[in-house]
Amino acid sequence: MSQLKVVLVGLGTRGRHWARVIAENPRARLIAGVDPSADSVSILREKLPMLDFPVLTFNEALALQPDLVVLSTPPSVHLEQITACAERGLPVLCEKPLALDFDTARACVEVAEKAGVLLGIGMNFRYLETTRAAREIIQGGRLGQVGFGRINYWRYRDGKRPLLNKYPLTMEQPMLLEQSIHHLDLARFIYGVEVKKLWARTTNPPWSMYRSDATVAAWLLFENRFELQYFGTWMGTNSKNEFQWRTDGSAGMLFQRDIFRGLEYWKAGAAEPEEIELAPQEDFVDDTRGLFDDFLKAVRGEPSTYPSGRDHLKTMVLTLGCAESSRQERMIDLLEYGRQLGMES
Ligand SMILES: NC(=O)c1ccc[n+]([C@@H]2O[C@H](COP(=O)([O-])OP(=O)(O)OC[C@H]3O[C@@H](n4cnc5c(N)ncnc54)[C@H](O)[C@@H]3O)[C@@H](O)[C@H]2O)c1
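None of these values were measured; they are calculated from a predicted model.

Some remarks on the UniProt feature "domain: GFO/IDH/MocA-like oxidoreductase" (unreviewed entry) in the protein
When the UniProt feature table is mapped onto this chain numbering, "domain: GFO/IDH/MocA-like oxidoreductase" (unreviewed entry) sits at residues 132-254. The span residues 132-254 is 21% helix and 36% strand, and its two end C-alpha atoms sit 13 Å from each other.

Written out as structure tokens, the structure reads:
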């Protein structure tokens, strides 16, 4: 089968994952990369010497007539780049968050829809083995009726570390828009139900290196009455990072010990867990491979469940709803908030 020609825009930290994933995919060919930063290009060349593709300007790369474009650039440039791709009829797989505000995110989706091009979003965590297994167990009914759950994410993220993107240090709501957005999207995906109401509080600890809030606490009520507590921070005091996700139902409990691995099923009343067998995965790479494979299927017109731009708007409403709840210091009805933003139900 012929390979799809891919242009990768943005060759920074995340772009290096993408460069490998695209170059190693037998159904794709990385024909060019784009990045105005000489530093990013030389780090990529140094870290991935086996990859040999030209680095061009955006217009030069699009002139090569790729079959699709992967955007691994900061959210501030996504709309402009998606618009340029849509004008040329090119499908786009764009990193999250699509934008930092709802109007811009919706404009990205509309420009792609109007041009009739596919727009996929970098929700690679949907393709983790842990996610797939948890979704199957919960939606397959092994927990019975789900009642309540909790996600805990504690991390010390040194935003000043070399090779880490710097815009989160000064942007509004960095934890929420850069990190919690993944967790909130996973909650929608794994439970298969939308959030109806939420209460949230975002704060910044006194020792934070981030200008805006690096901690998010939220309580989410789903349409099926399931309740989820969420706590996420980038400013844990030391490097002891934690991730746990627990879901309790009438027939059992599911406990995830880490974002990438470690899933236990506890049958109701059982004294010991059943360890769920998961295939080994390379963090951030195999999950991105899963996403990329799925998007390639969609581009080829094959059945696919890739996370679309339109679906991402729901995750954006949920994410921005947390900031809004915190700002207003009250519980938010998410349907109503979505309507205020101009989201069609
Ligand atoms: N899905 C994930 O797991 C995941 C992980 C990390 C980052 N991300 C996302 O990926 C995106 C990039 O993050 P990063 O960590 O690689 O940041 P980064 O700062 O390391 O890299 C971004 C690169 O984009 C380049 N760039 C900026 N403007 C450009 C333009 N107009 N045209 C071409 N290139 C341009 C920069 O020079 C830089 O090299 C962000 O949206 C981030 O949220 C996603």
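Moving on from the coordinates now.
Some points on the packing of aromatic side chains
Scanning all chains against the criterion turns up twelve aromatic pairs. Between tyrosine 153 and phenylalanine 243 the ring centres are 6.4 Å apart and the planes differ by 75°, which places this aromatic pair in the edge-to-face class. One end of the pair, tyrosine 153, is in strand β7 (residues 146-154); the other, phenylalanine 243, is in strand β11 (residues 242-249), with 90 residues separating them in the sequence. By relative accessible area, which is 5% here, phenylalanine 243 ends up buried. Ring plane angle 75° and centroid distance 5.2 Å describe the contact between phenylalanine 295 and tyrosine 306, whose orientation is recorded as edge-to-face. In this pair, phenylalanine 295 is assigned in helix α8 (residues 286-299) and tyrosine 306 in the loop between α8 and α9 (309-328), connecting sequence segments eleven residues apart. Residue phenylalanine 295 is classed as buried on the basis of its relative accessible area, which comes to 0%. Cluster of aromatic residues (ring-pair linked, three or more members): Tyr191, Phe222, Phe226 and Trp245. Positioned above the aromatic ring of phenylalanine 189 is the side chain of arginine 135, whose terminal nitrogen or guanidinium carbon lies 3.9 Å from the ring centre. Here arginine 157 stacks its cationic end above the ring of tryptophan 234, 4.1 Å away from the centre of that ring.

Observations concerning the nonpolar core
Counting 86 residues, the largest nonpolar core has Leu119 and Tyr191 as its most contacted members. Broken down by element, this core gets its largest block of residues, ten residues, from helix α7 (residues 174-191). Shared between two domains, this core holds at least three residues of each, these being domain 1 (4-124 + 287-308) and domain 2 (127-278 + 315-338). The residues touching leucine 119, leaving out its near neighbours within four places in the chain, are Ile82, Val92, Cys94, Leu98, Cys108, Val109, Ala112, Phe295, Tyr306, Pro307, Ser308 and Gly309. The next biggest cluster of nonpolar side chains, apart from the first, holds 26 residues, and it includes Leu4, Val21, Leu44 and Leu93.

So, α7
The first and last C-alpha atoms of α7 sit 25 Å apart over 18 residues, in line with the 26 Å expected at 1.5 Å per residue. Of all the bends in α7, the largest measures some 55° and sits at serine 180. When you tally the buried positions in α7, you get 18 out of 18 residues, the bulk of the element. Glycine 192 sits one or two positions beyond α7 and adopts a positive phi of about 70°.

Describing the pairing of strand β4 (residues 68-71)
Side chains Leu68 and Val70 project from β4 onto one buried face, and the interleaved Val69 and Leu71 project onto a second face that is buried too. Pairing of strand β1 (residues 4-9) with β4, which is carried by four bridges, proceeds in the parallel orientation. Its bridge partner lying in β4, valine 7 is registered against valine 69. Crossover β4 to strand β5 (residues 92-94) through helix α4 (residues 78-87) is right-handed.

So, helix α2 (residues 38-47)
Ser40, Val41 and Leu44 are the residues of α2 that are buried. All buried residues of α2 lie within an arc of 100° about the axis, which places them on one face of the element. Along α2, exposed side chains directed more than 90 degrees from the buried face belong to Ala38, Asp39 and Glu46. Against α1 (13-23) and β3 (55-56) lie the buried residues of α2.

Some remarks on the layout of surface pockets
Quantified by volume, the largest pocket comes out at close to 1300 Å³. In terms of lining, the largest pocket is formed by 45 residues, of which the most central are Thr13, Arg14, Arg157, Leu164 and Asn165. Listed by contribution, the elements that provide at least two residues to the lining of the largest pocket are α1, α2, β7, α7 and β11. Take the lining of the largest pocket: its biggest share by element is five residues, from α1. Of the residues belonging to the lining of the largest pocket, the class tally is 18 nonpolar, 14 polar and 13 charged.

Some details on the UniProt feature "domain: Gfo/Idh/MocA-like oxidoreductase N-terminal" (unreviewed entry) in the protein
UniProt records the feature "domain: Gfo/Idh/MocA-like oxidoreductase N-terminal" (unreviewed entry) for residues 4-122 in the present numbering. Helix makes up 43% of residues 4-122 and strand 21%. Its end C-alpha atoms lie 19 Å apart.

So, the pairing of strand β12 (residues 252-256)
Counting buried positions along β12 yields five of five residues, so the element is predominantly enclosed. Here β12 shows no split at all, with Gly252, Leu254 and Gln256 on one side and Met253 and Phe255 on the other all buried. Here β11 runs beside β12; their pairing, made up of four bridges, is antiparallel. When the sheet's bridge partners are listed, arginine 246 is paired in β12 with phenylalanine 255. Between β11 and β12, which pair antiparallel and follow one another directly, the connecting turn spans two residues.

Observations regarding the sheet that holds strand β13 (residues 263-267)
Taken in spatial order, the nine strands line up as β14-β13-β12-β11-β7-β10-β9-β8-β15 in an open sheet, and their pairing is mixed. Looking at which strands have only one partner, the edges of the open sheet turn out to be β14 (274-275) and β15 (332-333). Two strands pair when backbone bridges link them, and β13 and β14 are joined in this way by two bridges, in the antiparallel orientation. Bridged to tyrosine 265 within β14 is glutamate 274.

What counts, and at which threshold
- Residues numbered from 1 in each chain as written.
- Predicted model: local features only at pLDDT ≥ 70, side-chain atom pairs only at ≥ 80, totals over all residues.
- Heavy atoms only, no water.
- UniProt positions renumbered as here; feature names shortened; annotations may be inferred.
- Helix = DSSP H or I, 4+ residues; strand = E, 2+ residues; numbered from the N terminus.
- Phe/Tyr/Trp six-rings, centres within 6.5 Å; stacked < 30°, edge-to-face > 60°.
- Buried < 20%, exposed > 50% of the residue type's maximum accessible area, 1.4 Å probe, protein only.
- Lys NZ or Arg CZ within 6 Å of the ring centre and 35° of its normal.
- Core = buried A, V, L, I, M, F, W, Y, C linked by side-chain atoms within 4.5 Å.
- Domains from an automatic or database assignment.
- Contact = heavy atoms within 4.5 Å.
- Expected span 1.5 Å × (residues − 1).
- Bend = angle between axes of the 7 residues up to and from the residue.
- Pairing = 2+ DSSP bridges.
- Right-handed = clockwise from strand over helix to strand, strands pointing away.
- Arc of directions from axis to C-beta.
- 1 Å grid on protein atoms, 1.4 Å probe; cavity = no way out; pocket = protein on both sides within 12 Å on 5 of 7 lines; lining within 4 Å.
- Points joined across faces, edges and corners; volume = space filled by probe spheres on them.
- Nonpolar A, V, L, I, M, F, W, Y, C, P; charged D, E, K, R; others polar.

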